[in-house]
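Examination of the molecular architecture
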Amino acid sequence: MKNIKRVKIKDVATFSFGFHTSEIEKEGVMYLQARNFNEDGQFLNNVDNFIAKDKTKEDHILNDGDILLVGKGMRFFAHCYKKEMGDAVASSIFYVIKANREVVLPDYLACILNHSKSHNYFNSIGAGSSIPSIRKSELADYEIDLPSLETQHKIVEMYNLHNQEIQLLEQLKEKNQIRFNQLINEITK
């Protein structure tokens, strides 16, 4: 492909740590944690921890297109936050990455961070420690390929279709398992 630049994340985005709190509520602003996402970074819509609206600063509330990247733990994934999820704050396990949209699409950056090449890198830098983590400097210096915005958009479309296919196959697998179990139950009555 032509016109692909190799850039460091720090050249196309800013990032900070998520918010830490122990004041958990039953309602309010969603407090997103790693368990609210599957291994591919897909939101599971299972949030049960919230922060009172008056206990969070406006700058902690996520903006559409903010990327959440798990910074520590046994599994690394990225998720591009969408405003339609509802008001949310990322917990301190996440880096909150804000892409410079003039050069990189947030969804593209999340897609690249979810790629196996990125996972291998993040796992290798955390190897040997009991709780692997990504240091801010390692994230800042991580290099990605940056094609044109048009090409980024096409890659994001393919990535989204791929994820939809995976979800459909997962649903089909579950339905087939249910049918199989019903069949076995009928036979063994």
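Residues numbered from 1 in each chain as written. Predicted model: local features only at pLDDT ≥ 70, side-chain atom pairs only at ≥ 80, totals over all residues. Heavy atoms only, no water.

Moving on: the sheet that holds strand E5 (residues 67–70). Taken in spatial order, the four strands make up an open sheet running E2-E8-E5-E6, and their pairing is antiparallel. Each of the sheet's edge strands pairs with one partner strand only, and the pair in question is strand E2 (13–17) and strand E6 (78–80). Put simply, the sheet's adjacent strands are angled 25 degrees from each other on average, direction ignored. Inspection of the sheet shows E2 paired to strand E8 (residues 94–99) by five bridges, in the antiparallel sense. Within E8, the residue paired with phenylalanine 15 across the bridge is isoleucine 97. (Pairing = 2+ DSSP bridges. Helix = DSSP H or I, 4+ residues; strand = E, 2+ residues; numbered from the N terminus. Axes fitted to C-alpha atoms, helices over the stretch in contact; angles between N-to-C directions.)

Our next topic: helix H1 (residues 106–113). Of all the eight residues making up H1, seven are buried; the element is thus mostly covered by neighbouring parts of the structure. Among all positions in H1, only Pro106, Tyr108, Leu109, Ala110, Cys111, Ile112 and Leu113 are buried. (Buried < 20%, exposed > 50% of the residue type's maximum accessible area, 1.4 Å probe, protein only.)

The final tally for this structure, using the stated rule, is 10 aromatic pairs. Seen in terms of ring centroids, tyrosine 121 and phenylalanine 122 are 5.4 Å apart; in terms of plane orientation they differ by 65 degrees. Their pairing is edge-to-face. Members of the aromatic cluster, each reached through a chain of ring pairs, are Phe37, Phe43, Phe77 and Phe94. (Phe/Tyr/Trp six-rings, centres within 6.5 Å; stacked < 30°, edge-to-face > 60°.)

This brings us to the sheet that holds strand E4 (residues 50–51). Sheet architecture is open: three strands sit in the order E4-E3-E7, paired in mixed fashion. The sheet terminates laterally at E4 and strand E7 (88–90), the two strands that pair on one side only.

Leu69, Ile97, Leu109, Leu113 and Leu139 are the most contacted members of the largest nonpolar core, which totals 27 residues. Going through the elements one at a time, E2, E5, E6, E8, H1, helix H3 (136–141) and strand E9 (143–146) are the ones with two or more residues in this core. No other element matches the five residues that H1 contributes to this core. In this view, leucine 109 contacts Ala13, Ile67, Ile97, Ala99, Val104 and Ile144; residues no more than four positions away in its chain are not counted. Membership of the second largest hydrophobic core comes to 16 residues, among which are Val47, Leu62, Val70 and Phe77. (Core = buried A, V, L, I, M, F, W, Y, C linked by side-chain atoms within 4.5 Å. Contact = heavy atoms within 4.5 Å.)

Turning next to the environment of methionine 158. Topologically, methionine 158 is positioned in helix H4 (residues 149–187). By relative accessible area, methionine 158 is classed as exposed at 59%. Along the sequence, methionine 158 and alanine 78 sit 80 residues apart, while their C-alpha atoms lie 17 Å from each other.

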